Amino acid sequence: MALFKPATKKGTRYTGLCKSAIVGFEDRSGQYEFGDLLLEVHLKQEGQEWPRKMSIMGVIEKDPTTNVVTGGNAFTRLYAFFEAIGCKAGLNIKGDWEDENGDVITDIAEYLTARYAQDANAKDLNFDYYAYYYKEAPKGPNKKSYVRVMPMLTRANKEGEQNIMQSVEWRKSKGFLKEWDETMAPTESADIGLGALEIL
């Protein structure tokens, strides 16, 4: 009688630089006090079954008298992401979403999902982007460590790889990105359950 040997699965790396596909968006802006913009991008890694969330967030500054947008760190991250996916929508001077023709977008998550996301259950996903995944330190003793996604996306080509890895090294050098392993002590910062909290 032949021996039974279960099939072995080829190991896949789930942290570091990974090819990824966009499978959805969620707009959580206004749910937290630390920022005005919180757009969650649902990413599926090549070889991974479950999606992870990348959070694009920041502050939108407005003139207190006219309530007109004057700036804010949300725009740099938002438009860098939109450029990567080829989206020409954005925020107008009132802080409302518009497409490239000036037409109002009532639901930005729905708008982006319809145009730039793939079906998470599809068998032929195109992993067109690079994202950087890292293990974050637990938020205190006896807490779990979670894999987070750095809030930056590039096309999955040589130029995209160079750009995102340069950003990784810069963030590490400034202490904005701290990868954790079991030999390091847990951090004491509060965990509010978001994928990437640095306001860069």
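Just above, that's the structure.
Note that the structure is predicted; figures quoted are calculated from it, not measured.

Participant: Could you clarify how one ought to interpret the overall build of the chain in this entry?
Facilitator: Per the secondary structure count, the chain includes three helices and 10 strands. Ordered by position from N to C terminus, the α and β elements of the chain give β-β-β-β-β-α-β-β-α-β-β-β-α. For the chain, buried positions account for 40% of its 200 residues. For the chain, long-range pairs separated by at least 24 residues make up 56% of all intrachain contacts whose partners lie at least 6 apart in sequence.

Participant: Can you walk me through unusual backbone geometry in this structure?
Facilitator: Peptide bonds are mostly trans, and most non-glycine residues show a negative phi. Phi is positive for Asn67, close to 65 degrees, though the residue is something other than glycine. In this fold, Asn67 is placed in the loop between β4 (61-62) and β5 (69-71).

Participant: Got a minute to help me understand the pairing of strand β1 (residues 16-27) in this structure?
Facilitator: Within a regular beta strand, the side chains point alternately toward one face of the sheet and then the other, so they alternate between its two faces. In terms of burial, β1 is largely enclosed, as nine of its 12 residues are buried. With five bridges connecting them, β1 and strand β8 (residues 129-136) associate as antiparallel partners. Of the residues in β8, the one forming a bridge with Lys19 is Tyr130. By the bridge criterion, seven bridges tie β1 to strand β2 (residues 37-45) in an arrangement that is antiparallel. Residue pairing across strands places Phe25 opposite Val41, the latter belonging to β2.

Participant: Where do I start with the side chain of Gln45 in this structure?
Facilitator: Tracing the sequence through the fold places Gln45 in strand β2. The buried category is assigned to Gln45, whose relative accessible area is 1%. Dropping the residues within four chain positions of it, Gln45 is found in contact with Tyr14, Cys18, Lys19, Ser20, Arg52, Phe127 and Tyr133.

Participant: Would you mind showing me how to read the packing of aromatic side chains here?
Facilitator: Any aromatic ring pair is given by two values, namely how distant the centres are and how the planes are angled relative to each other. Within the structure shown, the criterion is met by six aromatic pairs. Measuring from ring centre to ring centre gives 6.1 Å for Phe25 and Phe81, while their planes differ by 65 degrees; the resulting arrangement is edge-to-face. Within this pair, whereas Phe25 is found in strand β1, its partner Phe81 is found in helix α1 (residues 74-85), the two being separated by 56 residues in sequence. A relative accessible area of 8% places Phe25 in the buried class. Seen from their ring centres, Phe82 and Trp97 are 6.2 Å apart, and the 50 degrees between their planes marks the pair as tilted. Here Trp97 lies in strand β7 (residues 97-98) and Phe82 lies in helix α1, a separation of 15 residues in the sequence. For Trp97, a relative accessible area of 11% translates into the label buried. One aromatic cluster is present, built from ring pairs that chain together Phe25, Phe75, Tyr79, Phe81, Phe82 and Trp97.

Participant: Explain the nonpolar core here, please?
Facilitator: Nonpolar side chains in soluble globular proteins tend to be buried together. By size, the foremost hydrophobic cluster in this structure holds 32 residues, and its most contacted members are Ile22, Leu43, Phe81, Phe82, Ile85, Leu112 and Leu153. When residues of this core are traced back to their parent elements, those giving at least two are β1, β2, β3 (52-58), α1, α2 (108-116) and β8. If you tally residues by element for this core, the top one is α1, at six residues. Apart from residues no more than four positions distant in its own chain, Ile22 is found in contact with Val41, His42, Leu43, Phe81, Ile85, Tyr116, Ala117, Gln118, Tyr129 and Leu153. Residues Leu17, Tyr130, Tyr132 and Leu177 belong to the second largest nonpolar core, which totals eight residues.

Participant: Help me out: how do you make sense of the pattern of salt bridges in this one?
Facilitator: Pairing between side chains of opposite charge can happen when the charged atoms of each approach one another. Under the counting rule described, the total for this entry stands at five salt bridges. Glu26 is paired through a salt bridge with Lys53; the nearest N and O atoms lie 3.9 Å apart. Here Glu26, found in strand β1, pairs with Lys53, found in strand β3; they are 27 residues apart in sequence, far enough to count as distant. A residue is classified by how much of its surface remains accessible, and Glu26, at 31% relative accessible area, is partly exposed. With its nearest N and O atoms 3.7 Å apart, the salt bridge here joins Lys53 to Glu40. Highlighted residues: Lys53 in strand β3 and Glu40 in strand β2, separated in sequence by 13 residues. Taken together, the shared-partner salt bridges connect Glu26, Arg28, Glu40 and Lys53 into one network.

Conventions we followed
Residues numbered from 1 in each chain as written. Predicted model: local features only at pLDDT ≥ 70, side-chain atom pairs only at ≥ 80, totals over all residues. Heavy atoms only, no water. Helix = DSSP H or I, 4+ residues; strand = E, 2+ residues; numbered from the N terminus. Buried < 20%, exposed > 50% of the residue type's maximum accessible area, 1.4 Å probe, protein only. Contact = heavy atoms within 4.5 Å. Pairing = 2+ DSSP bridges. Phe/Tyr/Trp six-rings, centres within 6.5 Å; stacked < 30°, edge-to-face > 60°. Core = buried A, V, L, I, M, F, W, Y, C linked by side-chain atoms within 4.5 Å. Salt bridge = Lys/Arg side-chain N within 4 Å of Asp/Glu carboxyl O.

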